[in-house]
Amino acid sequence: MSSEDYHVAVIGGGPAGMAAAYRAWEFGAKVILLDENSYLGGILPQCIHPGFGIHYFKEELTGGEFAHRLQKRIEDSDVEVLFSARVMKMKNGKKKRLVVISPKGIEEISASTVIYAAGARERHVFELGITGDRVAGIYTAGEAQALMDLYGIMPGKEILIVGSGDVGLIMARRFALEGAQVKGVVELMPYPGGLARNLVILQDFNIPLYLSHKVVEIRGKGRVERVKVVKLDSSGQEIPGSELWIHADTVIISAGLIPNIKLLKNLGVRIDAATGGPEINELWETSLQGIFAAGNSVIINDLVDYAVEQGERAAEGAWHRILENRDGRWKKVRRGNNIRFVVPHYISGERDVVLYLRVSAPMENATLMIPELEKALHFSVLKPAEMVRISIKKEELEDAKGITVEVKP
Amino acid sequence: MRYRVAIIGAGIVGTSIARVLSRYENLDIHVIEKNPDVGWGVSKANTGLIHGGYDDDPDKYPLRAKLCIRGNEIWHRWVKELEIPHVWNGALVVALRDEDIKELEVLRRRGERNGVEGLRIISRKELLDMEPLLTPDAKAALFVPNAGQLSPVPAVIALAENSVSNGVKFHLATEVRKIGVKNGAVRWLETNRGRIDADIIINASGLYADSISRMLGIGYFTITPRKGEYLIFDEGIPAPSRILFPTPTPKSKGVVVTKEIGGHLMIGPNAQDLDRKDKENFATTLEGLKEVRDKAKKLWPRIPENGVIRSFAGLRPEPTGGDFIIRSEELWGFLNVAGIRSPGLTSAPAIAYHVRDLLIHELDVKLVEKKKWNPYRKDILRISRMSKNQASSLIGKRPQYGRIVCRCNLVTEGEVMEAIERMRYIGVPQPSIDSVKFRTKATGGTCQGSFCRPKIAWLLAREYEVPLWKVTLKGEGSELGIGDIKVLLRGDGK
Ligand SMILES: Cc1cc2nc3c(=O)[nH]c(=O)nc-3n(C[C@H](O)[C@H](O)[C@H](O)COP(=O)(O)OP(=O)(O)OC[C@H]3O[C@@H](n4cnc5c(N)ncnc54)[C@H](O)[C@@H]3O)c2cc1C
């Protein structure tokens, strides 16, 4: 290893990337952390609401506070940080090479392992098939949040939110707190998408929730004036004659996130259609040896704490790869009834694992089962909005040839 | 003698005319445009094709037939002189039914009559070798080697910059409201920003050419908007390397499948006639986009359900009679350049020379060539198109070129700043995101600007010295915000 080679190059300085970089440094690795912003924290600094760190720090922090704690650790470590640096290309091989552009120039960074933690992007208005005028006042939730809480401007005063997930609900509250009128939250599904703790926002601020409704058209001259919403029947078909026009000057799209994985795709990493992210094993290694991934680049997390946990796991994986360079005998984790996704995709039985999963449809009094392990966990309710995290001990896995996760009433 | 020439409209036609006329010593040229930037009319939303010239029937549409092929030839030179993003990839007009093959023969003969070279009907096998993902139902095709594609708004911008470097003056955000006449000749324009004197007025106002002409009581034609809608798909979704047309119908050349200049699969347009007055209706529709999809699928079966990153609509300025209307009117000094529908983008350079000839022959203007005239214009420096060494040395001198603003299209802060400088150069009076987008491609990628729009707005606000919320998406009325974050709580929100 030449002097400028790194053990671990971490792409993305959000929570998952910061956690990965720090943990890898703790193991003794020589680490570089790259971020395209001029600060660390990823999306956290624009999240001025609380709800961060309940599991990891056992405290309720704002996004900014949570980021600050991780930033502090990085500063106190020997992790090298390259700001305003964008990885343009990644080359795989025994050594991984990253072509990086930054105000310092174009440089090639070489590392034994890469942890890819570049986050996710938001689905936008065109991807939802909404027709009409392409005018001002249409923002993704993240863009609106950045405008308000990083740049300090108010996007509009009559707001319609598309999507009742946590992000949409939090933005509804954010707008209400600044004196805007939130005209409603429109949700495609017959049930709301957010965590229970965020659904109370609708009652707190008296915001109408349109379940089984779909925004189909936005009209306006220069900026949004009105939005066409239709009702859906139980099979998701539009009900003729159910159209209603809601007057609003701003439409906030919070219709889900998509892992940002262009670089991984270009490398030929195997992708899971169910998550839109890479397939990974229990050490968060992708289908390419030495290339790891963590956080929202793998699965869309509801809690930052999980992204951090994943980053740390990936760091452990990277260190393991550097020390031992040995592969486990992988056993497949299969999706059974009512499971939208489950990661990791492969486990070895050599160590404890944490599974993250979501159900496809809500279910009350549900039992989550892993028949191969004769494991059954009862839940009073399981919802797609709430990611399920389960730990499995190494001993439980010893005899299994593979496991299936399923949910039954 | 010196003449003051006012060109109404900074579309592809108005700016082409400006460039051609800027060559002459004795013309003072003013371009008047109601939008705050150039190229935001019909020239903004179209297919961007430089047509081959086989399609227009010289008996029915003599001007279209003549100017299209000539325009195609001139573009081959202009794209190089002006560094306009383009590709000469050729087109295939595909026959899906046996009857269509006869029509291809008609097109081929017509093309030859119009002077198009190299047209050839190719067999199914050769066709599928050229485009392996084309529908297996294809029977044959007309191969049009001289057709190509360019980015229309960047072309208008390039023409405007080149014209300014040759002394043309742009009056942007300036709307013509009335035309002054004295002693049987035009004399001045009245605009929202005051009066502009002119000896010669050239009406190149696109969809509004009929209203401008009617200001002088010249009402022998009308312009009717005909909408066309498009879908653009994410990178990585396979697109043809050549321009794919279906066999045309009398009303339109049909829904085209292309790889647009940015590398994305693009399909469209359909054709929907609107009410004559409905000239600001750029809304996409569910029916329209479905029609585009269904028709494109016939040529290119692999159109995915998902993966759309943008949809948009354009309006064709359809004139009475169907042919271009390019005339020196009886009222001295007034020229109509109207009804420039498809293939107007292709024809624009030839239209410009045609207009010059009208000045010479119909108005008896003696044109004096400038001793020094600059045919060149340099494009913005683009990191994404440079070699590693070129990029490194540029960043070494100007670190801004190392700071990525738009991740999807790899556009740097240096490029955005250069775009803003160039907006200033032609006189763009207000900051808008679209002005930067058309110059740099920032916000035009997979995420459609959700990450970079605020950063670009911030740079625009700083350079134009306006509050951030006043930066617009596309001109007045499309401001990004309503005030600072506390505006509503303070109670001074509008
Ligand atoms: C859907 C579609 C697809 C097409 N595809 C192709 C193609 O592939 N190839 C091709 O060759 N052609 C194509 N065309 C045709 C081509 O786009 C047009 O012919 C061309 O852009 C017309 O340019 P223009 O300069 O005449 O009009 P515009 O670009 O509309 O310019 C006129 C300008 O005048 C300004 N203006 C109007 N009124 C006033 C006023 N009162 N005061 C000041 N300014 C005013 C407007 O704002 C506008 O900027 C297509 C057109 C459409 C709509």
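Residues numbered from 1 in each chain as written. Chains lettered and ligands numbered in written order. Predicted model: local features only at pLDDT ≥ 70, side-chain atom pairs only at ≥ 80, totals over all residues. Heavy atoms only, no water.

Moving on: the overall build of chain A. Per the secondary structure count, chain A includes eight helices and 29 strands. For 409 residues, the compact-globule estimate of 2.2 N^0.38 gives 22 Å, and the C-alpha radius of gyration of chain A, at 22 Å, lies within 12% of that figure. Expressed as lengths along the three principal axes of its C-alpha atoms, the size of chain A is roughly 65 × 55 × 40 Å. When each of the 409 residues of chain A is scored for burial, the buried share is 60%. Sequence separation of 24 or more characterises 61% of the internal contacts of chain A that already satisfy a separation of 6 or more. A total of about 16,200 Å² of accessible surface is found on chain A, and carbon and sulfur atoms cover 49% of it. Where the 50 positive side-chain charges of chain A centre and where its 52 negative ones centre are 4 Å apart. (Helix = DSSP H or I, 4+ residues; strand = E, 2+ residues; numbered from the N terminus. Rg over C-alpha atoms; globule rule 2.2 N^0.38 Å. Buried < 20%, exposed > 50% of the residue type's maximum accessible area, 1.4 Å probe, protein only. Contact = heavy atoms within 4.5 Å. Areas by Shrake-Rupley, 256 points an atom, 1.4 Å probe, with all protein chains shown as cover. Lys, Arg positive; Asp, Glu negative; His and termini not counted. Charge placed at Lys NZ, Arg CZ, Asp CG, Glu CD.)

With that settled, the discussion passes to the site of the ligand. Residue and element names in this part refer to chain B. The environment of the ligand is made up of 38 residues, and the closest members are Glu-33, Val-42, Ser-43, Ile-340 and Thr-346. Between the ligand and His-51 there is a distance of 3.3 Å, counted from a nitrogen atom to a side-chain nitrogen or oxygen. Relative to its unbound accessible surface of 1,000 Å², the ligand loses 98% to contact with the protein. Looking at the shell around the ligand residue by residue, the classes come out as 17 nonpolar, 16 polar and five charged. (Near = heavy atom within 4 Å. Polar contact = N/O pair within 3.5 Å; in protein donor to acceptor, adjacent residues only side chain to side chain. Nonpolar A, V, L, I, M, F, W, Y, C, P; charged D, E, K, R; others polar.)

Next up on the list: empty space enclosed by the protein. Evaluation of the coordinates by the stated rule reveals three cavities of 30 Å³ or more. Of the pockets and cavities examined, the largest cavity occupies roughly 390 Å³. Val125(A), Phe126(A), Val135(A), Arg310(B) and Arg453(B) are, among the 31 residues lining the largest cavity, the residues nearest its centre. Secondary structure elements with two or more residues in the lining of the largest cavity: strand 10 (131-132) and strand 11 (138-140) of chain A together with strand 19 (308-319) and helix 11 (433-440) of chain B. Empty space within the second largest cavity amounts to approximately 100 Å³. Top element by residues in the lining of the second largest cavity is helix 7 (residues 304-324) of chain A. It accounts for three residues. Taken together, the residues that form the lining of the second largest cavity break down as three nonpolar, five polar and seven charged. (1 Å grid on protein atoms, 1.4 Å probe; cavity = no way out; pocket = protein on both sides within 12 Å on 5 of 7 lines; lining within 4 Å. Points joined across faces, edges and corners; volume = space filled by probe spheres on them.)

Residues and elements named next belong to chain A. You can read the domains of chain A as domain 1 (1-122 + 256-327), domain 2 (124-255) and domain 3 (329-409). Placing a centre on the C-alpha atoms of domain 1 and another on those of domain 2 gives a separation of 32 Å. Tallying the contact residues gives 14 residues for domain 1 and 19 residues for domain 2. Carbon and sulfur atoms make up 48% of the surface buried where domain 1 meets domain 2, a total of about 1,200 Å² over both sides. Our count for the contact surface shared by domain 1 and domain 2 stands at one salt bridge. A salt bridge links Glu-127 to Arg-121; its shortest N-O distance comes to 2.7 Å. (Domains from an automatic or database assignment. Buried area = accessible area lost by both parts, 1.4 Å probe. Salt bridge = Lys/Arg side-chain N within 4 Å of Asp/Glu carboxyl O.)

All right, on to the sheet that holds strand 18 (residues 244-247) of chain A then. Residues and elements named next belong to chain A. Across the sheet, which stays open at both edges, the four strands sit in the order 10-16-17-18 with mixed pairing between neighbours. This sheet does not close on itself; its edge strands, each paired only once, are strand 10 and strand 18. Note that strand 16 (residues 213-219) and strand 17 (residues 226-231) share six bridges and pair antiparallel. Among the inter-strand pairings, Arg-219 is bridged to a residue of strand 17, identified as Arg-226. (Pairing = 2+ DSSP bridges.)

Bridge count for strand 20 (residues 325-328) of chain B against strand 21 (residues 334-338) of chain B is four bridges, and the pairing is antiparallel. Bridging from a neighbouring strand, Ile325(B) pairs with Ala338(B) of strand 21 of chain B.

This part takes up the packing of aromatic side chains. Tallied over the entire structure, the rule returns 10 aromatic pairs over all chains. Taken together, a centroid distance of 6.4 Å and an interplanar angle of 55 degrees make the contact between Trp78(B) and Tyr353(B) tilted. Within this pair, whereas Trp78(B) is found in helix 2 (residues 62-81), its partner Tyr353(B) is found in helix 8 (residues 344-361), the two being separated by 275 residues in sequence. Accessibility expressed as a relative area gives 21% for Tyr353(B), which makes it partly exposed. Ring-pair connections join several aromatic residues into one group, and the members of that group are Tyr56(A), Phe57(A) and Phe66(A). In this structure, Lys44(B) packs its charged tip against the face of Trp40(B), placed 5.9 Å from the ring centre. Of note, Lys279(B) hangs over the ring of Tyr208(B), and the distance from its end group to the ring centre comes to 5.6 Å. (Phe/Tyr/Trp six-rings, centres within 6.5 Å; stacked < 30°, edge-to-face > 60°. Lys NZ or Arg CZ within 6 Å of the ring centre and 35° of its normal.)

Residue and element names in this part refer to chain B. Read across the sheet, six strands follow the order 9-2-1-13-21-20 without closing on themselves; strand pairing throughout is mixed. Two strands close off the open sheet at either side, each with one partner strand: strand 9 (169-171) and strand 20. Between one strand axis and the next, the sheet turns through 15 degrees on average, direction left out of account. Sheet topology places strand 2 (residues 27-32) next to strand 9; three bridges connect them, and they run parallel. Its bridge partner lying in strand 9, Val-31 is registered against Phe-170. (Axes fitted to C-alpha atoms, helices over the stretch in contact; angles between N-to-C directions.)

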